[in-house]
Amino acid sequence: MANREDFHTMPGHLVRRAHQISVAIFMEECADHNVTPVQYACLSEIARQPGVDATRLSAAVAFDRSTLGNVLERLESKGWVDRRPSPGDRRVKLLHITQAGVQLLEAIEPGVVAAQKRLLKPLSAADRKLFMRLIGEIVDGNNEVSRAPMGSQD
């Protein structure tokens, strides 16, 4: 066989593993709230942009529009989000966080912060800053090849 690199050391494999670990830590820290990282991201963005439509939300959280519909249905069924028709176009639904959704975001915040700290705990303070800068550069530099580019409203 050719001088092939061990896949365990490949950046793609390590990023996939880091994502698995990140989700697992989030689910542990936030277990009492029955919310996923994607649901949290959507709720946070809806709270930040009341009245956002699903297309703009999908661009803001970098999640493909077709899958986002299922996430929004779950958020609505849990009573955390309301979908209301747009006054300008009744076919477009505008998203609003409910009081229960606001309460959830407040309640889950300590778990979210703890999850981020746990994820980066193996790194020194200086390496945390470096890691965040580098992972940001990787994400920004490769945004357009993503299945759901951040900022894209296609």
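Residues numbered from 1 in each chain as written. Predicted model: local features only at pLDDT ≥ 70, side-chain atom pairs only at ≥ 80, totals over all residues. Heavy atoms only, no water.

1. Digging into the overall build of the protein chain
Logical step 1: Along its length, the protein chain carries six helices and three strands.
Logical step 2: Dimensions of the protein chain along its principal axes, counting C-alpha atoms only, are 60 × 35 × 30 Å.
Logical step 3: Relative to its 154 residues, the protein chain shows a buried fraction of 29%.
Logical step 4: Across the protein chain, the fraction of contacts at a sequence separation of at least 24, relative to all contacts at a separation of at least 6, is 56%.
Logical step 5: Counting every atom, the protein chain has about 10200 Å² of accessible surface; 56% of that belongs to carbon and sulfur. (Helix = DSSP H or I, 4+ residues; strand = E, 2+ residues; numbered from the N terminus. Buried < 20%, exposed > 50% of the residue type's maximum accessible area, 1.4 Å probe, protein only. Contact = heavy atoms within 4.5 Å. Areas by Shrake-Rupley, 256 points an atom, 1.4 Å probe, with all protein chains shown as cover.)

2. A word on the packing of aromatic side chains
Logical step 1: The final tally for this structure, using the stated rule, is one aromatic pair.
Logical step 2: With centroids separated by 6.0 Å and ring planes inclined at 55 degrees, the aromatic side chains of Phe26 and Tyr40 adopt a geometry described as tilted. Taken together, the residues Phe26 in helix α1 (residues 11-29) and Tyr40 in helix α2 (residues 37-48) connect sequence positions 14 residues apart.
Logical step 3: Taking relative accessible area as the criterion, Phe26 reaches 5% and is therefore assigned buried.
Logical step 4: Among the residues examined, Tyr40 registers a relative accessible area of 16% and is labelled buried. (Phe/Tyr/Trp six-rings, centres within 6.5 Å; stacked < 30°, edge-to-face > 60°.)

3. Focus: α1
Logical step 1: For α1, spanning 19 residues, the distance from its first C-alpha to its last is 26 Å, which sits close to the expected 27 Å at 1.5 Å a residue.
Logical step 2: For α1, the full list of buried residues reads His13, Ile25 and Phe26. (Expected span 1.5 Å × (residues − 1).)

4. Comments concerning the environment of Pro149
Logical step 1: One can find Pro149 in the segment after α6 (125-141).
Logical step 2: Sequence separation between Pro149 and Cys42 is 107 residues; the distance between their C-alpha atoms is 15 Å.
Logical step 3: Contacts of Pro149, omitting those with residues within four sequence positions, involve Ala59, Ala62, Asn143 and Glu144.

5. Details of the state of the cysteines
Logical step 1: Scanning the entire structure with this criterion turns up zero disulfides.
Logical step 2: Free of any disulfide, Cys42 has its nearest neighbouring cysteine sulfur in Cys30, separated by 15 Å. (Disulfide = S-S within 2.5 Å.)

Keep in mind these numbers describe shape, not what the thing actually does.
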